[in-house]
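Architecture at a glance
In case you want the letters, here they are:
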There are 2 protein chains.
Amino acid sequence: MIKRKGLLLVVSGPSGAGKGTICKEIITRNKDIKLSVSATTRKPRDGEIHGVNYFFLSKEEFQKMVDNNEFFEYAKIYDNYYGTPKSAIMESLENGQDVILEIEMQGAKQVKEVYPEGVFIFVLPPSLKELKSRIVGRGTETLEEIDKRFSCAFEEIKKISDYNYFIINKEVSKSADELQEIISAEKNKVTRYKDNIIDKFKEELEKC
Amino acid sequence: MIKRKGLLLVVSGPSGAGKGTICKEIITRNKDIKLSVSATTRKPRDGEIHGVNYFFLSKEEFQKMVDNNEFFEYAKIYDNYYGTPKSAIMESLENGQDVILEIEMQGAKQVKEVYPEGVFIFVLPPSLKELKSRIVGRGTETLEEIDKRFSCAFEEIKKISDYNYFIINKEVSKSADELQEIISAEKNKVTRYKDNIIDKFKEELEKC
């Protein structure tokens, strides 16, 4: 094995496109990919567990982490704060472990600024109609919140050019296959290994 | 389906690394990928067929194509000429068809200059020792040719940074899997679609 840093896989896209389910599927398939757990001040949805889906924090707790510079990025989305704790991710990457980050678009933008070598993946709904019916079907948002989210969707899609890859999420297992292929291909990228490949052969040559 | 141009997959690497067998396997698996047939002035090896493996040309025939500017690139490698006929490839790409090009490194370099949006893949042997034994085992080269090829191998490997991806060719079917994943991932690259993705959703929005 030739050494490389871990991949930081940043999965984002409009709310309701299905980034969460795709990430969950990838984690189930790959025991060696670590899911980064974000912190948030929003209320848990049914079945969401503290420390698994999110670290659910009070506004005061969140602010304390901000003050201590403990976030990779953080943002306010629809009246709630979301943040990505920094140190655990950086440590994993340095150890060659791949980390997946499911994140809102504002957050993804900040991550790209500080960590451009991440792999930025944009999850799209098959159509805007389908997106709306998914948000409604989730039944966790008020009508006002649904309208707010939907009206942003097209504006958000226009930001796709900030991303490396896109996945049109029609069927979760198919989308997870595509993400899997992206991960595999990224592991074959020359730039991820600096001079480690040349060094491997140089070493052999010197032993001759 | 959102429209895109075909991928030009340029597979290169040191002689004996096994680019030919990987490409053959990919073509067998994907009936929709077209293998570009190169022209050469070298003599056919056992089992090689004109128009399938290469267009085997005389030096005069080759020179005529050069004069008529019919090559995408051409180069002299170990006393023989190799060239990539241009028009068929460009036509396929424009029609959205993916084309695979197995090519020597000098040629790959020229292709990159005129077509940088190609996908450049470097095939490596598992070790230099293994590379030498493969060239010897092929039994098609004279001892002098073998020495010439082998002494270039390390110098050639140093050029890996001109490529997008690498594949360490230990086992053909595993290498073909990796190439397959690279192809799939490239089809999910945002830059390959220009504004076609945004336009798709814009159209839907306008119909609302």
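Criteria and thresholds
- Residues numbered from 1 in each chain as written.
- Chains lettered and ligands numbered in written order.
- Predicted model: local features only at pLDDT ≥ 70, side-chain atom pairs only at ≥ 80, totals over all residues.
- Axes fitted to C-alpha atoms, helices over the stretch in contact; angles between N-to-C directions.
- Helix = DSSP H or I, 4+ residues; strand = E, 2+ residues; numbered from the N terminus.
- Left-handed = near helix turned anticlockwise from the far one by under 90°.
- Contact = placed C-beta atoms within 7 Å.
- Nonpolar A, V, L, I, M, F, W, Y, C, P; charged D, E, K, R; others polar.
- Core = buried A, V, L, I, M, F, W, Y, C linked by C-beta atoms within 7 Å.
- Buried ≥ 20, exposed ≤ 12 C-beta atoms within 10 Å, placed from the backbone.
- Arc of directions from axis to C-beta.
- Least-squares fit on C-alpha atoms with pLDDT ≥ 70 in both.
- Parallel < 35°, antiparallel > 145°, perpendicular 65-115°, else oblique.
- Pairing = 2+ DSSP bridges.

Some details on the packing of helix H1 (residues 19-29) of chain A against helix H7 (residues 172-187) of chain A
Two quantities define a packed helix pair, namely the angle between the helix axes and the distance between the axes. Residues and elements named next belong to chain A. Axis separation between H1 and H7 bottoms out at 9 Å; the angle between their running directions is 65°. Of the two possible hands of crossing, H1 and H7 adopt the one that is right-handed. From H1, Thr21, Ile22, Glu25, Ile26 and Arg29 reach across to H7, where they touch Val172, Ser173, Ser175, Ala176, Leu179 and Gln180. Split by residue class, the contact of H1 with H7 holds five nonpolar, four polar and two charged.

Observations regarding the nonpolar core
Leu9, Val10 and Ile121 of chain A together with Leu9, Val10 and Ile121 of chain B are the most contacted members of the largest nonpolar core, which totals 88 residues. Each residue touching Ile121 of chain A, except ones within four places of it in the same chain, is listed here: Leu9, Val10, Val11, Tyr163, Asn164, Tyr165, Ile167, Leu179 and Ile182 of chain A.

Considerations on helix H5 (residues 128-138) of chain A
Within H5 of chain A, burial applies to Leu128, Leu131 and Ile135 of chain A. Burial along H5 of chain A is one-sided: seen end-on, the buried residues are contained in an arc of 55°. Exposed residues pointing more than 90 degrees away from the buried face of H5 of chain A are listed as Lys129 and Gly137 of chain A. Those residues of H5 of chain A that are buried are in contact with helix H6 (143-157) of chain A together with helix H8 (196-207) of chain B. Immediately downstream of H5 of chain A, the backbone of Gly139 of chain A shows phi near 65°, a positive value.

Details of the relation of the copies chain A and chain B
To go from the first copy of the chain to the second, apply a rotation about an axis and then a shift along the same axis. For the pair chain A and chain B, the relating rotation is 180°, the translation along its axis is 0.0 Å, and the fit reaches an RMSD of 0.0 Å. Considering both components of the superposition, the chain copies are consistent with a two-fold axis. No C-alpha of chain A approaches the rotation axis more nearly than that of Glu181 of chain A, which lies at 2.5 Å. Counting the interface residues of chain A, we find that 100% of their copies in chain B are interface residues as well, pointing to one common contact surface.

Comments concerning the environment of Ile77 of chain A
All names here are of chain A. Mapped onto the secondary structure, Ile77 falls in strand S5 (residues 71-77). In this structure Ile77 comes out as partly exposed when scored by C-beta crowding, with 15 C-beta atoms within 10 Å. As for Ile77 and Ser175, which are separated by 98 residues in sequence, their C-alpha atoms are 26 Å apart. When near neighbours in sequence (up to four residues on either side) are disregarded, Ile77 contacts Tyr82, Glu104 and Gln106.

Concerning the packing of helix H5 (residues 128-138) of chain B against helix H6 (residues 143-157) of chain B
All names here are of chain B. Running from N to C, H5 and H6 point in directions that differ by 155°, and their axes come no closer than 10 Å. Accordingly, the angle class assigned to the pair H5 and H6 is roughly antiparallel. Relative to H6, the crossing made by H5 is right-handed. Of H6, the residues touching H5 (which contributes Leu128, Leu131, Lys132, Ile135 and Val136) are Ile146, Arg149, Phe150, Ala153 and Phe154. Split into classes, the residues belonging to the contact of H5 with H6 amount to eight nonpolar, no polar and two charged.

Quick look at helix H4 (residues 105-114) of chain B
Residues and elements named next belong to chain B. All of the buried residues along H4 are Met105, Gly107, Ala108 and Val111. End-on, the buried residues of H4 take up no more than an arc of 150°, which puts them together on one face. Exposed residues pointing more than 90 degrees away from the buried face of H4 are listed as Glu113 and Val114. Those residues of H4 that are buried are in contact with strand S1 (8-12), strand S5 (71-77), strand S6 (80-85), strand S7 (99-102), strand S8 (119-124) and H6.

Some words on the interface of chain A and chain B
Every contact between the two is made by 26 residues of chain A and, on the other side, 26 residues of chain B. Where the side of chain A that touches chain B is concerned, the elements lending two or more residues are H6, strand S9 (165-168), H7 and helix H8 (196-207) of chain A. Tallied by class, the residues present in the side of chain A that touches chain B amount to 16 nonpolar, five polar and five charged.

Remarks on the pairing of S8 of chain B
Residues and elements named next belong to chain B. Taking burial as the measure, the six residues of S8 include six buried ones, the bulk of the element. Where S1 and S8 come together, four bridges link them in parallel fashion. Bridging across to S8, Val11 finds its partner in Ile121. Here S8 runs beside strand S9 (residues 165-168); their pairing, made up of four bridges, is parallel. Counterpart to Phe122 in the pairing with S9 is Phe166.

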